[in-house]
Amino acid sequence: SRALDVGSGSGRDAALLCCRYGFDLVCALDRDAKALNRWTRLLDRHQVARESRVAVEATIRAEGDLTAALASLPGPWDLIHAARFLKREMLAELASLLAPGGLLLFHTFCEDPPRAQ
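Each value, and the rule that gives it
Residues numbered from 1 in each chain as written. Predicted model: local features only at pLDDT ≥ 70, side-chain atom pairs only at ≥ 80, totals over all residues. Heavy atoms only, no water. Salt bridge = Lys/Arg side-chain N within 4 Å of Asp/Glu carboxyl O. Buried < 20%, exposed > 50% of the residue type's maximum accessible area, 1.4 Å probe, protein only. Helix = DSSP H or I, 4+ residues; strand = E, 2+ residues; numbered from the N terminus. Contact = heavy atoms within 4.5 Å. pLDDT = per-residue confidence, 0-100. Patch = residues over 30% accessible without salt bridge, like charges linked within 9 Å, V, L, I, M, F, W, Y side chains within 5 Å. Areas by Shrake-Rupley, 256 points an atom, 1.4 Å probe, with all protein chains shown as cover. Lys, Arg positive; Asp, Glu negative; His and termini not counted. Charge placed at Lys NZ, Arg CZ, Asp CG, Glu CD.

Undergrad: Where do I start with the pattern of salt bridges in this structure?
TA: Opposite charge on two side chains lets them pair, provided their charged atoms get close. Applying the stated rule across the entire model yields 3 salt bridges. With its nearest N and O atoms 3.0 Å apart, the salt bridge here joins Asp44 to Arg50. By relative accessible area, which is 31% here, Asp44 ends up partly exposed. A network of salt bridges, in which partner residues are shared, links Asp44, Arg50 and Arg53.

Okay, structure coming up:
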């Protein structure tokens, strides 16, 4: 099974997918190379096999960017996780990368949170 963590940051959630949930391949995608390096070091400490993980550095700004960034990896994905990734317009593209029966787990901030009086 394969999992993709979009906007993974330092990879806490992607590491959980590797270490706790046993995905055969986990891809952490983020625009910050330093954050992805932290994820790699974390997985090294937990002795996660290098062939079961991949880090992709990419900036996702428009439709098609995500598909292009993942072009070198075989798809589709059984789980796509996007946390705190405020690109709602990317939902259709994310869903198109899923395997049949796959799960898109998308949670993010509100655009205009209510203000306390």
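Undergrad: What should I look at first to understand the side chain of Glu93 in this one?
TA: Relative to the helices and strands, Glu93 resides in helix 4 (residues 91-96). Exposure remark for Glu93: the relative accessible area of 6% places this residue in the buried category. Those residues in contact with Glu93, other than ones at most four positions away along the chain, are Ala62, Glu63, Gly64, Asp65, Leu66 and Thr67.

Undergrad: Looking at this model, I keep getting lost on the confidence of the model for the protein chain. Mind explaining?
TA: Parts of the model with low pLDDT should not have their predicted coordinates read in detail. Put simply, the protein chain has an average pLDDT of 84, and 89% of its residues get 70 or more. Mean pLDDT per element in the protein chain: helix 3 (residues 65-69) is the minimum at 83, and strand 1 (residues 2-6) is the maximum at 92.

Undergrad: Please clarify how a positive patch on the surface should be interpreted in this entry.
TA: On the surface, Lys34, Arg38, Arg41 and Arg45 cluster together into a positively charged patch. Of note, Arg41 is situated in helix 2 (residues 33-45). Exposure remark for Arg41: the relative accessible area of 45% places this residue in the partly exposed category.

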